[in-house]
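Structural features, examined
Residue-level listing of the chains:
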Amino acid sequence: MKKTSTRLADGRELIYYDERDDVVRDAVDRRPLGPVSTTSEIRRDRLLGDSVAIASHRQGRTYHPPADECPLCPSVPAEGRLSEIPDSSYDVVVFENRFPSLAGDAGRCEVVCFTSDHDASFADLTPEQAGLVLEAWTDRTAELSQLDSVEQVFCFENRGAEIGVTLGHPHGQIYAYPFVTPRTDLMLRSLAAFKESTGRNLFDDIVAEESAGERVVLEGEHWVAFVPYAAHWPYEVHLYPKRRVPDLLALDEAARTEFPQLYLELLRRFDRIFGAGEAPTPYIAAWHQAPFGTSAGHAGINRDDFALHLELFTIRRTSGKLKFLAGSESGMSVFINDVPPEAAAERLREVASS
């Protein structure tokens, strides 16, 4: 992998990740952009104990542009098309979001473009391309975790208009939070309580139990994917490395090599679960990593007790129908799942690649 860092016209950082070492990246962003102006601030909800990012500048972000005006496609200067990526081609690109939810002391937001092909999806990538994305996620996690204000690094992909995606180009994002997210804090609390009462690691117990059960979707030598016992979403899969590690940085070479094949197979199954003729499955893919900051402490545990894992889920519950977060989910955070996890796992096994 070759990494090349440059700056866009408004001063934001852009990084090329190339498979070949001989690629030269010297294109210049010639757009007449002014400095990025953000209004991001973090406000603490004293009643619930969580944090909310207030970012009114995002109201003006790019919204469903036509394909020939996509800001994530390579630039074509000869046709007057200048995008966020100055070069005429790329493998993987990461750049600072022009409309960030988090900025300055309130964190940082980055965009990850998986491929220059506008009409592709992550599932269309080759194992080599998916492996390069994994390297980019890992490198950005390492860099962002060193920022003084950052407590947690979250790599994720939203796909599909139903999820709320406003740009159709295959891409994901990275949020570097200045706090430990509520979901992670809940995991850490459960982890600490379980260790105190049993002396064991909760993640290890869950992976061992699920790996031996009927909800396994697929398994390799170094990874296992299963539908969790208490799945919140109609089709939800958790992918764990079999050797517990706290973050992407700690994955060994064997796990890195195997990951692309398993992950690509999972994504392709998601695209097949509702049958031929159905629109591509909308999904969220979310990496859970141990926090890096000092405020993540819970008595009796440390970073190495946390288990890196990826959660992949869709809001589609059946053909043509979505799972909406209505009164119970949105009002009280109590999920109601219409699809039994065992049935979801069976369906995801049925649509395996031949």
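The structure presented is a predicted model; accordingly, all values stated were derived computationally and were not measured. (Residues numbered from 1 in each chain as written. Predicted model: local features only at pLDDT ≥ 70, side-chain atom pairs only at ≥ 80, totals over all residues. Heavy atoms only, no water.)

1. Considerations on the overall build of the protein
- Looking only at helices and strands, one finds six helices and 15 strands in the protein.
- Here the C-alpha radius of gyration of the protein, 20 Å, is about what a compact globule of 354 residues would show, namely 20 Å.
- When the backbone C-alpha atoms are referred to their principal axes, the protein occupies close to 60 × 50 × 45 Å.
- Counting every position in the protein, which comprises 354 residues, the buried fraction comes to 51%. (Helix = DSSP H or I, 4+ residues; strand = E, 2+ residues; numbered from the N terminus. Rg over C-alpha atoms; globule rule 2.2 N^0.38 Å. Buried < 20%, exposed > 50% of the residue type's maximum accessible area, 1.4 Å probe, protein only.)

2. A look at unusual backbone geometry
- In this model, Ser 333 sits at a positive phi of 60 degrees, which is unusual for a non-glycine residue.
- With respect to the helices and strands, the residue Ser 333 is situated in the loop between α5 (327–332) and α6 (341–350).
- On the basis of relative accessible area, Ser 333 is assigned to the exposed category, the value being 60%.

3. With respect to the nonpolar core
- Of all hydrophobic cores here, the largest spans 54 residues; its most connected members are Phe 122, Trp 137, Tyr 263 and Trp 287.
- When residues in this core are grouped by element, the largest group, eight residues, is from helix α4 (residues 253–272).
- In contact with Trp 287, not counting residues within four places along its chain, are Trp 137, Phe 154, Cys 155, Trp 223, Leu 248, Phe 259, Leu 308, His 309 and Leu 310.
- Counting residues in hydrophobic clusters, the runner-up holds 15 residues, among them Met 187, Val 207, Phe 226 and Ile 301. (Core = buried A, V, L, I, M, F, W, Y, C linked by side-chain atoms within 4.5 Å. Contact = heavy atoms within 4.5 Å.)

4. So, the pairing of strand β8 (residues 171–177)
- Of all seven residues making up β8, seven are buried, and the element is well covered by its neighbours.
- On β8, burial covers both faces: His 171, Gln 173, Tyr 175 and Tyr 177 on one face and Gly 172, Ile 174 and Ala 176 on the other are all buried.
- As judged from the six bridges shared by strand β6 (residues 108–113) and β8, these two strands associate in the antiparallel manner. Residue Cys 113 lies in a different strand from β8, and its bridge partner there is His 171.
- Here strand β7 (residues 152–159) pairs with β8 via five bridges, running antiparallel. Considered in β8, the bridge of Gln 152 is made with Tyr 177. (Pairing = 2+ DSSP bridges.)

5. Let's talk about the sheet that holds β6
- With antiparallel pairing, the eleven strands of this open sheet are ordered in space as β1-β2-β5-β6-β8-β7-β12-β13-β11-β10-β9. The open sheet terminates on both sides in strands that have one partner only, identified here as β1 (2–7) and β9 (216–219). Sheet twist, expressed as the mean angle between neighbouring strand axes with direction ignored, is 20 degrees.
- Bridge analysis of strand β12 (residues 283–288) against strand β13 (residues 309–314) gives five bridges, and the strand direction is antiparallel. What sits directly across from Ala 285, in β13, is Leu 312.
- Taken strand by strand, helix α2 (residues 182–198) contacts β7, β12 and β13, and its axis lies near 125 degrees from that of β13.
- In the packing of helix α3 (residues 202–211) onto the sheet, contacts are made with β9, β10 (223–226), β11 (235–241) and β13, and the angle to β10 comes to roughly 75 degrees. (Axes fitted to C-alpha atoms, helices over the stretch in contact; angles between N-to-C directions.)

6. Some words on the state of the cysteines
- The final tally for this structure, using the stated rule, is zero disulfides.
- With no disulfide partner, Cys 70 has as its closest neighbouring cysteine sulfur the one in Cys 73, 3.8 Å distant.
- Between Cys 109, a free cysteine, and Cys 155, which holds the nearest cysteine sulfur, the sulfur-to-sulfur gap is 12 Å.
- Judged by relative accessible area, Cys 109 falls into the buried class, the value being 3%. (Disulfide = S-S within 2.5 Å.)

7. Digging into the packing of helix α1 (residues 127–144) against α4
- Running from N to C, α1 and α4 cross one another at 115 degrees; their axes reach a closest spacing of 9 Å. The hand of the α1/α4 crossing is right-handed. Residues Pro 127, Ala 130, Gly 131, Leu 134, Glu 135, Trp 137 and Thr 138 of α1 pack against Arg 256, Phe 259, Pro 260, Gln 261, Tyr 263 and Leu 264 of α4.
- Of the residues contributing to the contact of α1 with α4, the split by class is eight nonpolar, three polar and two charged. (Left-handed = near helix turned anticlockwise from the far one by under 90°. Nonpolar A, V, L, I, M, F, W, Y, C, P; charged D, E, K, R; others polar.)

8. Details of the packing of aromatic side chains
- If you walk through the whole model with that rule in mind, you get 20 aromatic pairs.
- Ring centres of Phe 154 and Tyr 177 lie 6.4 Å apart, and the angle between their planes is 25 degrees; this geometry places the pair in the stacked category. Pair noted here: Phe 154 is in strand β7 and Tyr 177 is in strand β8, with a separation of 23 residues, a long-range link.
- Exposure remark for Phe 154: the relative accessible area of 17% places this residue in the buried category.
- Linked through ring pairs, Phe 114, Phe 122, Trp 137, Trp 223, Phe 259, Tyr 263 and Trp 287 together constitute an aromatic cluster. (Phe/Tyr/Trp six-rings, centres within 6.5 Å; stacked < 30°, edge-to-face > 60°.)

9. Quick word on α3
- Buried within α3 are the following residues: Phe 203, Asp 205, Val 207 and Glu 210.
- Elements that come into contact with the buried residues of α3 comprise α2, β9, β10, β11 and β13.

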